[in-house]
Amino acid sequence: GAKIIIQKENTPYLKYIPKMYFSKEELNAAKAMIPKSNKKRICMNIESKDLNRCWDRKNFIELIKSLCKNYQIVLLGTNQDYNKSITDKFKKEIVNLVGKTSIRETAVIIKESELYIGNDSGLSHVSAAVNTNLINIMLGSKVDILNDEKKSKVVKLKKPNVKRVLKTTKMFLE
């Protein structure tokens, strides 16, 4: 079944969380890629190498519509074609960094954000490594491989829905 994994800041997502460290130059260069905003920042990644693990794009579109007025949304990932339905629809409302950052730049951008929301992918692990709050939408993944349920809050849903993700987002950011 599908699951949403929720990680609160300073709560282990993995049993053995890797850590990432950055030079001042790396921090400054990545921060310069994001326009200044007074809004809290949410990073999103709608990709996963396995398409069976991807939450439907229409759900992400609904989620972004609901969040973009009050939060700065930064879309991350590598596949510009896969993200096109979102980047075309939200040209002015989001910061589109799809295909424009290295993995280390992406990690800094996630680190400098209040929350990461995405499909089960490598960027979920990056979020854990930089200690950023995380909503990891898991479709067809085995949670016990990724998660130490004793140390992090786990919400198991048969069908993750936008309303539940919005509620969880607000829990982290308000």
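This text follows the structure it describes.
Basis of the calculations
Residues numbered from 1 in each chain as written. Predicted model: local features only at pLDDT ≥ 70, side-chain atom pairs only at ≥ 80, totals over all residues. Heavy atoms only, no water. Core = buried A, V, L, I, M, F, W, Y, C linked by side-chain atoms within 4.5 Å. Buried < 20%, exposed > 50% of the residue type's maximum accessible area, 1.4 Å probe, protein only. Helix = DSSP H or I, 4+ residues; strand = E, 2+ residues; numbered from the N terminus. Contact = heavy atoms within 4.5 Å. Pairing = 2+ DSSP bridges. Right-handed = clockwise from strand over helix to strand, strands pointing away. Polar contact = N/O pair within 3.5 Å; in protein donor to acceptor, adjacent residues only side chain to side chain.

Q: So what's going on with the nonpolar core? Residues and values would help.
A: The biggest cluster of nonpolar side chains holds 29 residues, and the ones touching the most others in it are Met44, Leu63 and Ile117. Secondary-structure elements contributing two or more residues to this core are strand S2 (40–45), helix H2 (57–67), strand S3 (71–75), helix H3 (80–89), strand S5 (115–119), strand S6 (133–138) and helix H7 (162–173). Once residues lying within four places of it in the same chain are set aside, the contact partners of Met44 are Phe60, Leu63, Ile64, Leu67, Ile73, Val74, Leu75, Leu76, Tyr116 and Ile117. Counting residues in hydrophobic clusters, the runner-up holds 18 residues, among them Leu27, Ala30, Leu76 and Val108.

Q: Tell me about the pairing of S5, residues and numbers included.
A: For S5, the buried fraction is high: five of the five residues fall into the buried class. Two elements, S2 and S5, share four bridges in a ladder whose sense is parallel. Paired with Cys43 across the bridge in S5 is Tyr116. Bridge count between S5 and S6: five bridges; the pairing is parallel. Among the inter-strand pairings, Ile117 is bridged to a residue of S6, identified as Ile135. As a crossover connection, the stretch from S5 through helix H5 (residues 122–129) into S6 is right-handed.

Q: Talk me through the environment of Lys39; I want residue IDs and the actual numbers.
A: As for its placement among the helices and strands, Lys39 is situated in the loop between helix H1 (24–31) and S2. The partly exposed category is assigned to Lys39, whose relative accessible area is 37%. Lys39 sits 33 residues away from Gln72 along the chain, and the two C-alpha atoms are 5.6 Å apart. Look past the residues within four positions of Lys39 in its chain and what remains in contact with it is Cys68, Lys69, Asn70, Tyr71 and Gln72. A distance of 3.2 Å separates the side chain of Lys39 from the backbone oxygen of Lys69, its partner in a polar contact.

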